Structures are given as structure tokens and as C-alpha cells.
Amino acid sequence: MRADHEAAARTAVELARDERFGDLEALFAPPLRAHVSAEAVRTAWASEAGRNGPVSAIGTPVSEPIHSGLVRVSVPVTCERGGLTMVMTFDETGLIHGLRLAPPATAAWTPPPYADQATFDEHEVTLGAGPLAVPGTLSLPRGREPRPGVVLLAGGGPFDRDATSGPNKPLKDLAWGLASRGVAVLRFDKVTHVHGGQVAGTPGFTMSDEYVPHAVAAVRLLRSQPMVDPGRVFVVGHSMGGKVAPRVAAAEPSVAGLVILAGDAQPMHRAAVRVTRYLASLDPGAEEFAELIARQAATVDSPDLSPSTPAAELPFGLPGGYWLDLRGYDPVAAAAALDRPMLILQGGRDYQVTVEDDLARWRAGLAHRPDVTIRVHDADNHLFFPGTGPSTPAEYEAAHHVDAAVVSDVAEWPALRGRPGGGGGPGCP
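Thresholds, definitions, all that
Residues numbered from 1 in each chain as written. Predicted model: local features only at pLDDT ≥ 70, side-chain atom pairs only at ≥ 80, totals over all residues. Heavy atoms only, no water. Helix = DSSP H or I, 4+ residues; strand = E, 2+ residues; numbered from the N terminus. Rg over C-alpha atoms; globule rule 2.2 N^0.38 Å. Buried < 20%, exposed > 50% of the residue type's maximum accessible area, 1.4 Å probe, protein only. Lys, Arg positive; Asp, Glu negative; His and termini not counted. Charge placed at Lys NZ, Arg CZ, Asp CG, Glu CD. Pairing = 2+ DSSP bridges. Axes fitted to C-alpha atoms, helices over the stretch in contact; angles between N-to-C directions. Contact = heavy atoms within 4.5 Å. Right-handed = clockwise from strand over helix to strand, strands pointing away. Parallel < 35°, antiparallel > 145°, perpendicular 65-115°, else oblique. Left-handed = near helix turned anticlockwise from the far one by under 90°. Nonpolar A, V, L, I, M, F, W, Y, C, P; charged D, E, K, R; others polar. Salt bridge = Lys/Arg side-chain N within 4 Å of Asp/Glu carboxyl O.

**Student:** Hey, could you run me through the overall build of the protein in this one?
**Tutor:** Counting its regular elements, the protein contains 16 helices and 13 strands. In terms of overall dimensions, the protein is globule-like: its C-alpha atoms have a radius of gyration of 21 Å, near the 22 Å expected for 429 residues. Across its three principal axes, the protein shows a C-alpha extent of roughly 60 × 45 × 40 Å. Counting the 429 residues in the protein, one finds 55% classified as buried. Once the 37 positive and 49 negative side-chain charges of the protein are each reduced to a mean point, those two points are 5 Å apart.

Now the structure itself:
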């Protein structure tokens, strides 16, 4: 079956290259077709074509079995000005259950210099039960004294447990860095990564469904470990993982506190307009995509938005019910209602979640909280990779590691270590 899957994946890429998106949609399994249209794929492909140019070569597909008869196939695509990887999930009949466009994998991940593999062990775990169970990795520091623990939440999109993006694995950097400093860490594949086709067909699927059940299961599993102090288990969320973290804490009272890394607070559809306009300022070829996102964002703001609004008319092909939930959610207010300490970190060069548009909201909404610490790492981008000059998407295509100072901030946060003085105020440098 592997050769058939790889041939089908190559055919799918050829259809996208030739802009035959209706024929490509015909290969989708019904749950995927119900929520991802030919026009949604056309929009995403046009964005990549605007940035990378026409396809010049299609590479050798690479397949891997994942679960329940599904196979993931990655096809490298070379373009005139860059490249991408088209990642698809196939069932046994050859229908596509998931599809995404990712940066090219130009180099293998290597451990960051602050990780010491001799100081911790890793074990595979399963979170949840039934058809939506997901795999994860538990990193346990060696030693006998009770350890603090953290559950890592990836950002928006169908990310694996490492938040893999091209040659980079920022959540694996963070997990290994924290485990090397005596913090137990549990990270897991998102349900949209493992069961993308299945959840795409779930009516009313929301951000909470995407994160909260498995995050709560992860907190409880981590608290059950003999070496972990059950009173010091925290949730660490990046980007959308930071946005949803207050919901996780509200659902699981045992969560000791939150670490929010580049958590977006501006409404996501409006942030999408801002980001795509920024990208269009760097590459005029992206202007058409920016205009499309602006029109779709206006639909999200419309009083006529409903669960039946076609996903093709909305940003990123997400369904109406997902946007209704996001439109009614204020992560800052949700965080302010919690009586848990928080550490909020932000990259100064981040163009996706910014100091001006997002961190300003966290500062204003949590200004009254002495148990909230906010720090900006001026040189860091959205993935907390240090650099210089304006941040661009091209930064993510080269190998980087999460800033060691960010790992230190989390590892030494007094609330995590059980020391007094876990606050510091929203105005901390």
C-alpha cells in the first residue's frame, strides 16, 4: 500500500501545480471535503505560489504509517524562489483525510546546546481513550526529589508534539531544555495532527475541542507521576496554545499556573488581516491573498456569521462554528478571572503576535495582578528564535533553537519552583 499512497500523493501535488483544485478536492475523504473546499486549497496554494514562485520540481514522496490504517506522506516541492512540503494523510482506500502546506525540511533537528540528554529520560504515553486518543512524550528528569512539571501546548494548526516547522522543533527545544533543568515535561500531538480528517467532520468543533480534553488529560497524567509534585504542574502554551491556556486552567482546577508564550490576544481574524498585509509589504505577490483574508475576516465580523457559513468564505478554511467561538472569547478576561500566577513572555521581533497589538492587551487586562510577570525578549521572533532586523517567514526555513534565556525564564520562574515572590508585576522588564 505504501507505493500506492506515494503515487497518490504525487498526483495530488501535480493537480495543485496545474491548478486543478476541483480534481484535487475529489480525492478528499467526505469529512475533509465537508470542511475544506477546492477554493480553500486554491487560496492556500496561491499564497505559497506568491511567495515561492511556480513549481520547478516535485521530489520523492516519503511515507510513514501513523495509526488506524492511516499513512502520512510528505512530498517536497521545489519552486523558483524557494520550496515547500505538501503533507497529506491517506486512508487504506487512497482518500485524503488531511492536507497541509509546510516549509521545506532543509536540515535535521539537532539538540540545543542547553539540553543535556544524560539528565533525563523520555517515555511514550497516550492521552485520552477511544478514536481521538493522541500520543505524547513524557520527559522526566533523573533523581528522586519531587519535580515541578509542565504541559506544553503548540500553536494554531495541526502541529505534532514538537511543533515541527521545517528543520525546527521549538517545543522539543523547550522540553529538552526544561527537562535538563529539573522540570518534568509532557508534550503531545494535537488531535488535528493525528485525527485531522475525523475532527474536520465534527459539527461545532471549536478551539476548546482542539486543545482542552487532551491538555486536561496531560495535566492529570503528569500529576500522577511519583517524581512530580502534584501541586506544581503548570500549563505552558505557545501562540494559540497560550490563548487557550486560561480555558485549560478553568477546566482543570489543579493547574498551578500558566506560562503564555507569544499568546495572541487580538481577535484572530483581525490579526490575520494585519499579518497578511505585513507579508504583502514584503512581497507584492501576496497582495491578492491579503485582500482575500480581509474579505473573509469581514465575514467573521458580520452579524450573519453562523455555523452554516461556508468554510471557504472564512479565514484558513475554518468552519463558522469555530469562528463564532473565537469571536466570543477574550483570553485576557479569561486569564484575569483565574486566581493562578502567570508568566507571559513575548518576542520583540514577532510580527504574528506583537507587543503593540497583543501584549498591550495582556498588560492592560492584568495590570492589577501582582502575581503576573511579563517579559519581552527584544531579539526574538514568534518562535522565540533570536535574530536581527525585521522578522520574515524566511527565518523559519533555517535551523534555529529557542532562545536559552526563554528556557531560563520558565525554568527559574519562582512560582514554578515553589518559591515566594512568584509575581513581579506586569511592568517587569
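What follows picks up the thread again.
**Student:** Would you mind showing me how to read the sheet that holds strand β6 (residues 120-127) here?
**Tutor:** Whether parallel or antiparallel, the strands of a sheet pair through hydrogen bonds between backbone atoms. Here we have eight strands laid out as an open sheet, ordered β6-β7-β9-β8-β10-β11-β12-β13, and mixed in their pairing. Of all strands in the sheet, those with a lone pairing partner are β6 and β13 (372-377), marking the two edges. Adjacent strand axes in the sheet meet at a mean angle of 20°, parallel and antiparallel pairs treated alike. Lying on the sheet, helix α5 (residues 170-180) is in contact with β6, β7 (134-141), β8 (147-153), β9 (184-188), β10 (228-238) and β11 (258-261); it crosses β9 at an angle near 160°. On the sheet, helix α9 (residues 240-251) packs against β8, β10 and β11 and is oriented at approximately 140° with respect to β10.

**Student:** Even after reading the chapter, I still don't get the pairing of β13, so can you show me in this structure?
**Tutor:** Sheet analysis places strand β12 (residues 342-347) next to β13, joined by six bridges and oriented parallel. Along β13, the bridge assignment pairs Leu343 with Thr373. The handedness of the β12 to β13 crossover, carried by helix α14 (residues 355-365), is right-handed.

**Student:** Where do I start with the pairing of β11 in this structure?
**Tutor:** The two faces of the sheet receive side chains in turn, since in a regular strand these alternate between them. Alternating positions in β11 separate into two faces, Leu258 and Ile260 on one and Val259 and Leu261 on the other, with burial throughout. Of the crossover connections in this fold, the one passing from β10 over α9 to the parallel β11 is right-handed. Two elements, β11 and β12, share four bridges in a ladder whose sense is parallel. For Val259, the partnering residue across the bridge sits in β12 and is Leu343.

**Student:** Looking at this model, I keep getting lost on the packing of α5 against helix α15 (residues 404-411). Mind explaining?
**Tutor:** Closest axis-to-axis distance for the α5/α15 pair is 10 Å, and the angle between their directions is 55°. For the element pair α5 / α15, the angle class is oblique. Every pair of crossing elements has a handedness; the one defined by α5 and α15 is right-handed. Where α5 approaches α15, its residues Leu174, Gly177 and Leu178 are matched on the opposing element by Val407, Val410 and Ala411. For the contact of α5 with α15, a count of residues per class yields five nonpolar, one polar and no charged.

**Student:** I would appreciate a short explanation of the environment of Leu15 in the present structure.
**Tutor:** Structurally, the position occupied by Leu15 is in helix α1 (residues 2-17). Spatially, the C-alpha atom of Leu15 lies 34 Å from that of Gly241, the residues being 226 residues apart in sequence. Residues contacting Leu15, with those up to four places away along its chain left out, are Arg20, Asp23, Leu24 and Leu27.

**Student:** Explain the pattern of salt bridges to me, please; I cannot follow it from the model alone.
**Tutor:** It is possible for side chains of opposite charge to pair when their charged atoms get near one another. Across all of its chains, the model carries 24 salt bridges by this definition. A salt bridge links Glu145 to Arg147, with the nearest nitrogen and oxygen atoms 3.2 Å apart. Here Arg147 falls in the buried class, since its relative accessible area comes to 12%. Residues joined in a network through salt bridges with shared partners are Glu122, Asp162, Lys169 and Arg187.

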